[in-house]
Amino acid sequence: MTHTPLVLLGGAHVHLPDHLERIAESGSRIAHVHDRDAERRDRLCADLGARPLAALQDVAQTGAAGAVVCSETSHHEADISAALAAGLPVFSEKPLAGSGGAALRLAQQAEESGVLLHTGYFFRTIPALRKARGWIRDGRLGRITAARMRFAHDGGYADWLDLDCWMTDPTLACYGGFVDEAVHAIDALQWMLGAAVDGHAVTANALGWPVDDHGSAVLRFCNGATGVVEAGWTDARMRLELDIVGETAAISLHDGQMALTPRSADSAAERHDLAKLDAGTGILPYLAALHGTERAGLVPPADAARVNTLLDRLGLRLN
């Protein structure tokens, strides 16, 4: 079997193991690894049977069919830009870059080059959320007036999220723990409702790290709707919740079940179960495109950049 070779640019991200599993399942493989941490690079090369890439500018010489960017957020612009310049389709972990300006430059580079750039906002692959977006687009809620989304987990207190790393270094992470989870909700709400034009965020620190670890934001959308995003690392459990209220109906997602309920109705018109959350699905649209098949969930670079520009407008960038 011929495996499509990919180059891994950075191995810092917590969801790298999930992506590696999906890459292997797709018939691709990591053939080269570039990482500014030489020890981590060499360990990944040994584990993956890959070759080290000493210089980022040599990415064009690897013969790779695409690039997977899982480096620290502060390095995204350099890594993604080098891959795009080499003509390599790119999957990047979220957020797209460490600032709105950097994200806009990358989106422009991708557009001008015509090279695929996909960011891992995996909410777009979740069937229940795709169904919710369909209800909205079909007009079943009427004019949307308000929305609320919560995406939070207990990783700051539990052992599975190692925060003694780059994620709590403001110069490398660029954003704090609120943004780490909130970007998924922000992208999803803009995907469903259109652009958010302004807002205000409040963050806090319960764990004592040099970055915030939870918070909330109030948003105003172009269509006049208001929105609330709640996120962070300090919840009591993993939670994805959604409420969208329209003139004629409302969507409610709580405790793993989503319902569409017409206004004044005694019961839901439709119900759907929420599948188990899996951040690894964020790379699937990219892998499908790489192999010449179509899969829902590709994130246009301009949409990914729009998340970053909103984050900066909310005053959430740390440096």
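Quick notes on helix H9 (residues 301-313)
For an α-helix the count is 3.6 residues per turn, leaving residues at separations of three or four pointing the same way. Taking 1.5 Å per residue as the helical rise, H9 with its 13 residues ought to reach 18 Å, and the 18 Å between its terminal C-alpha atoms agrees with that figure. When we look at burial in H9, the residues that qualify are Pro301, Asp303, Ala304, Ala305, Val307, Asn308, Thr309, Leu310 and Leu311. At its buried positions, H9 is contacted by helix H4 (100-113), strand E6 (117-119), helix H7 (177-193), strand E8 (196-204) and strand E9 (214-221). Where H9 ends, the next residue or the one after it, glycine 315, has phi of about 75°, a positive value.

A closer look at the layout of surface pockets
There is about 340 Å³ of room inside the largest pocket. As for the largest pocket, its lining consists of 18 residues, of which His15, Phe151, Trp160, Met238 and Ala279 are closest to the centre. Broken down by element, the lining of the largest pocket gets its largest block of residues, three residues, from H7. Residues that form the lining of the largest pocket fall into these classes: eight nonpolar, four polar and six charged.

So, the pairing of strand E2 (residues 28-34)
Regular strands place their side chains on alternate faces of the sheet. Most of E2 is tucked away, with six of its seven residues classed as buried. This β-α-β element, strand E1 (residues 4-9) to helix H1 (residues 16-26) to E2, shows right-handed connectivity. Where E2 meets strand E3 (residues 51-52), two bridges bridge the pair, whose relative direction is parallel. From the neighbouring strand, histidine 32 faces E3, where its bridge partner is arginine 51. A crossover links E2 with its parallel partner E3, the connecting element being helix H2 (residues 38-48), and its sense is right-handed.

What counts, and at which threshold
- Residues numbered from 1 in each chain as written.
- Predicted model: local features only at pLDDT ≥ 70, side-chain atom pairs only at ≥ 80, totals over all residues.
- Heavy atoms only, no water.
- Helix = DSSP H or I, 4+ residues; strand = E, 2+ residues; numbered from the N terminus.
- Expected span 1.5 Å × (residues − 1).
- Buried < 20%, exposed > 50% of the residue type's maximum accessible area, 1.4 Å probe, protein only.
- Contact = heavy atoms within 4.5 Å.
- 1 Å grid on protein atoms, 1.4 Å probe; cavity = no way out; pocket = protein on both sides within 12 Å on 5 of 7 lines; lining within 4 Å.
- Points joined across faces, edges and corners; volume = space filled by probe spheres on them.
- Nonpolar A, V, L, I, M, F, W, Y, C, P; charged D, E, K, R; others polar.
- Right-handed = clockwise from strand over helix to strand, strands pointing away.
- Pairing = 2+ DSSP bridges.

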